[in-house]
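Chains, contacts and geometry: an overview
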Amino acid sequence: MDYDNCVSLPAMFFDNTEEIGDRPFLWAKYEGKWQSTSGAEARNKAASLAAGLASLGVTKGARIVLVSESRPEWMVADIAIMTAGAIAVPAYTTNRVSDHLHILKDSGATGAIVSGPSLAKNLMPAAEEAGLKFVIAIDQIDDQSTVPVYLWDSLVAANCAETPNFSAISRTDTSCLIYTSGTGGVPKGVMLSHGAIISNCHGAHHLLQTLGLGDEVFLSFLPLSHSYEHTGGLMFPLSIKAQIYYAEGVDKLAANMEETHPTIMTAVPRLYETMHSRILRGVQQKGGLSEKLFMKAVSIGRKKYEGRRLNFGETLMDPLLNKVVREKVAERFGGRLKAMVSGGAPLNYEIGTFFKALDVELLQGYGQTESAPIISCNLPAKNKMDSVGPPLVGVDVKIGTDGEILVKGELVMQGYWNMPEATAEAVRDGWLHTGDIGTIDEDGFLIITDRKKDIIVNSGGDNLSPQRIEGFLTLQPEIAQAMVYGDKKPNLVGLIVPDQGFVSDWKRSNANSADIRELIEDEEFRKAIAAAIDRVNNELSVIERIRNFRLVTEEFTVENEMMTPSLKIRRHIIRKNFHDALEALYPRSGSALNQK
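Since this is a predicted model, take the numbers as computed values, not measurements.

Things to note about the overall build of the chain
Check the secondary structure of the chain and you find 20 helices and 26 strands. At 25 Å, the chain has a C-alpha radius of gyration in line with the 25 Å of a compact globule built from 596 residues. A principal-axis box enclosing the C-alpha atoms of the chain has dimensions of 70 × 60 × 55 Å. Out of the 596 residues belonging to the chain, those deemed buried represent 56%.

Right, here's the structure in full:
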């Protein structure tokens, strides 16, 4: 594809779907069976829906909110909105009424597209209060609001499916308004041009072409309302005419991988951490020779990756481990996987090298919504797990005097919607101030130290990275989630969520039927968690060590708002929810690592 001369995302869509034609393009599972939408079908529906939007009075620059699970209609709707000259405003499926109301009012949306009744339940009250002119329902909804509701099928059928005229749409026009997930407060609307996303696709193609891009298959898992998946799992696959399968959910992801045989997949570190834990737990449950061979494969694979010399026995054993361990792991990932890309948050080095040791290529990248979103990514031919790789082609990166990462290029956002002061603070002289701290190594690879605003400065004036410490904690089999606390304090403390698998194993081995709320009162159980923290502390510097902790019965989830939809913890929410408990971990006297 000629990325440099592509004028808009609709132009890319209509050109490529014409070439795809009657071949399968978008896949979703209905009634237990994978069913495809061809390129021609997607093309016709997008053209018809764009005409339908125009018939409802949608004009250039209008904002249309899109609320849907990941499914073929998501791409069709996104493209149709832009084809009509409007600006797509994706919204998370986990949004409450108040979240939708904020986005609808802040963006000044004209209308909305919603998938069906479950998501309409929270959208429609907000739509009525915001005074939307219309809502388009992909599936039938039962709603009593005063907002006019149009059925997707009827609107598509009633309008012409000819290729629309989108010549008035330029590369510099705003394509979408993506709201940040709110890790630090109220979500802000990020304006991204068509060119910003196209340039990101160009960079991704340049990065991955050494894998031998051809008949590619993507398995889309993350919310399409997140900028990472919107570009990496939607627009980039479109740009290379790949097939896209929409996963059924995290609980069925492993089965979906075996069914769909993906070649490329994008996800956040939390997913890879979960996969790592599940794989290890399954191996440990098998035990015996299987466990020994698996762990040997990981050990030898890590040595090879790190350039350490294998002894004679390991050299002889490694080809056998390829057959009995690594090939079986490859089958669990569908058998055709070329690479998994990790982004959205820092990837723990141990997690990355674990998969690399098993011959699963895991490429850590870096970016943010304000950069469309990919800034840099590791290379298949040179994968440095302690870095986020070199900048993509067409992206300039430099380190500011205070260590902040600054980014320049077509990928940089046009600004925050209706927030000129915040825009002026974030983008200065064309350079995006990312709020992240980092360095550039001798190979030009970017290394992230921490988020500028997340850095903990203790009472001694030392700067500490909470994400680094949390990464070590969650590698322990006893710990599922952790949040480190200690700004302006003499030492660090933490909130610890016990791993559910460990809890179940504990109950079985100790003949204990207590629920988690009772179990955290158990002195021996607390000692087991404390021992896990001690293991981590032994690998940390004195000032990084966790001196006290609180066990938490409730997991950090999207539903309780302590995680974003992209599975990053919301520190400000967690600190607010557990403020008193965290402060209580700083007694004048008492034993460390002995708090409930």
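Details of the sheet that holds strand E26 (residues 546-551)
Read from one edge to the other, the open sheet built from 3 strands follows the order E24-E25-E26, with strand pairing classed as mixed. The open sheet has two edge strands, strand E24 (479-485) and E26, and neither has a second partner. The average angle at which neighbouring strand axes cross in this sheet is 30 degrees, direction not considered. When E24 meets strand E25 (residues 492-498), the two strands line up antiparallel, connected through 6 bridges.

Some words on the state of the cysteines
Taken as a whole and judged by the stated rule, the model has 0 disulfides. Its sulfur unpaired, Cys201 is 8.7 Å from the next cysteine sulfur, which belongs to Cys6.

Some details on the nonpolar core
Ranked by internal contacts, the top residues of the largest apolar core, which has 122 residues, are Met75, Ile113, Met235, Phe294 and Phe355. It is helix H3 (residues 72-83) that contributes the most residues to this core, 8 residues altogether.

Comments concerning the pattern of salt bridges
Overall, the coordinates contain 36 salt bridges when judged by the stated rule. Notably, a salt bridge pairs Arg96 with Asp99, separated by 3.1 Å at the nearest N-O pair. Across the salt bridge formed by Arg302 and Glu350, the nearest N and O atoms sit 3.4 Å from each other. Taken as a pair, Arg302 in helix H11 (residues 288-305) and Glu350 in helix H13 (residues 349-357) lie far apart in primary sequence, 48 residues in all. For Glu350, a relative accessible area of 31% translates into the label partly exposed. What emerges from the salt-bridge pattern is a single network uniting Lys29, Glu248, Lys252 and Glu259.

Some remarks on the pairing of strand E11 (residues 243-246)
Side chains on a regular strand alternate between the two faces of the sheet. Because side chains alternate across E11, one face comprises the buried residues Gln243 and Tyr245, and the other comprises Ile244 and Tyr246, equally buried. As paired elements, strand E1 (residues 24-30) and E11 share 2 bridges and run parallel to each other. Counted as the bridge partner of Trp27 is Tyr245 from E11. The β-α-β motif built from strand E10 (residues 217-220), the intervening helix H8 (residues 227-239) and the parallel element E11 has right-handed crossover chirality.

Focus: helix H18 (residues 523-537)
Between its terminal C-alpha atoms H18 stretches 20 Å, which fits the 21 Å expected from 15 residues at 1.5 Å a residue. The set of residues buried in H18 consists of Phe525, Arg526, Ala528, Ile529, Ala530, Ala532, Ile533, Val536 and Asn537. Buried residues along H18 sit against helix H15 (466-474), E24, E25, helix H16 (500-509), helix H17 (516-519) and E26. With a side-chain oxygen positioned 2.8 Å from the backbone nitrogen of Glu524, the residue opening H18 is Asp522.

Considering the packing of aromatic side chains
Evaluated as defined, the whole model comprises 13 aromatic pairs. Summarising the aromatic geometry, the rings of Phe14 and Phe166 are spaced 5.5 Å apart at their centres and angled 20 degrees between planes, so their arrangement reads as stacked. Note that Phe14 is positioned in helix H1 (residues 9-20) and Phe166 in the loop between helix H6 (152-157) and strand E8 (174-179), a separation of 152 residues in sequence. Assigned by exposure class, Phe14 and Phe166 land together as buried. Judged by centre distance (6.5 Å) and plane angle (50 degrees), the rings of Tyr485 and Tyr586 are tilted. Here Tyr586 lies in the segment after helix H20 (579-583) and Tyr485 lies in strand E24, a separation of 101 residues in the sequence.

Considering the side chain of Glu470
Assignment of secondary structure puts Glu470 in helix H15. Here the side chain of Glu470 touches Val484 through a polar contact of 2.9 Å, landing on its backbone nitrogen. Setting aside residues no more than four positions away along its own chain, Glu470 makes contact with Ala482, Met483, Val484, Ile569 and Arg571.

A look at the pairing of strand E21 (residues 446-451)
As judged from the 5 bridges shared by strand E20 (residues 431-440) and E21, these two strands associate in the antiparallel manner. In the strand pairing of E21, Thr439 is matched with Ile447. Two successive antiparallel strands, E20 and E21, enclose a turn made up of 5 residues, where Gly444 displays a positive phi of approximately 85 degrees.

Points about the packing of H1 against helix H2 (residues 39-55)
Direction vectors running N to C along H1 and H2 enclose 145 degrees, while the axes themselves pass 7 Å from each other. Judged by the sense of rotation from one axis to the other, the crossing of H1 with H2 is left-handed. Along its contact with H1, which presents Phe13, Phe14, Asp15, Thr17, Glu18 and Ile20, the element H2 presents Gly39, Ala40, Ala42, Arg43, Ala46 and Ala47. Considering only residue class, the contact of H1 with H2 consists of 7 nonpolar, 2 polar and 3 charged.

What counts, and where the lines are drawn
- Residues numbered from 1 in each chain as written.
- Predicted model: local features only at pLDDT ≥ 70, side-chain atom pairs only at ≥ 80, totals over all residues.
- Heavy atoms only, no water.
- Helix = DSSP H or I, 4+ residues; strand = E, 2+ residues; numbered from the N terminus.
- Rg over C-alpha atoms; globule rule 2.2 N^0.38 Å.
- Buried < 20%, exposed > 50% of the residue type's maximum accessible area, 1.4 Å probe, protein only.
- Pairing = 2+ DSSP bridges.
- Axes fitted to C-alpha atoms, helices over the stretch in contact; angles between N-to-C directions.
- Disulfide = S-S within 2.5 Å.
- Core = buried A, V, L, I, M, F, W, Y, C linked by side-chain atoms within 4.5 Å.
- Salt bridge = Lys/Arg side-chain N within 4 Å of Asp/Glu carboxyl O.
- Right-handed = clockwise from strand over helix to strand, strands pointing away.
- Expected span 1.5 Å × (residues − 1).
- Contact = heavy atoms within 4.5 Å.
- Polar contact = N/O pair within 3.5 Å; in protein donor to acceptor, adjacent residues only side chain to side chain.
- Phe/Tyr/Trp six-rings, centres within 6.5 Å; stacked < 30°, edge-to-face > 60°.
- Left-handed = near helix turned anticlockwise from the far one by under 90°.
- Nonpolar A, V, L, I, M, F, W, Y, C, P; charged D, E, K, R; others polar.

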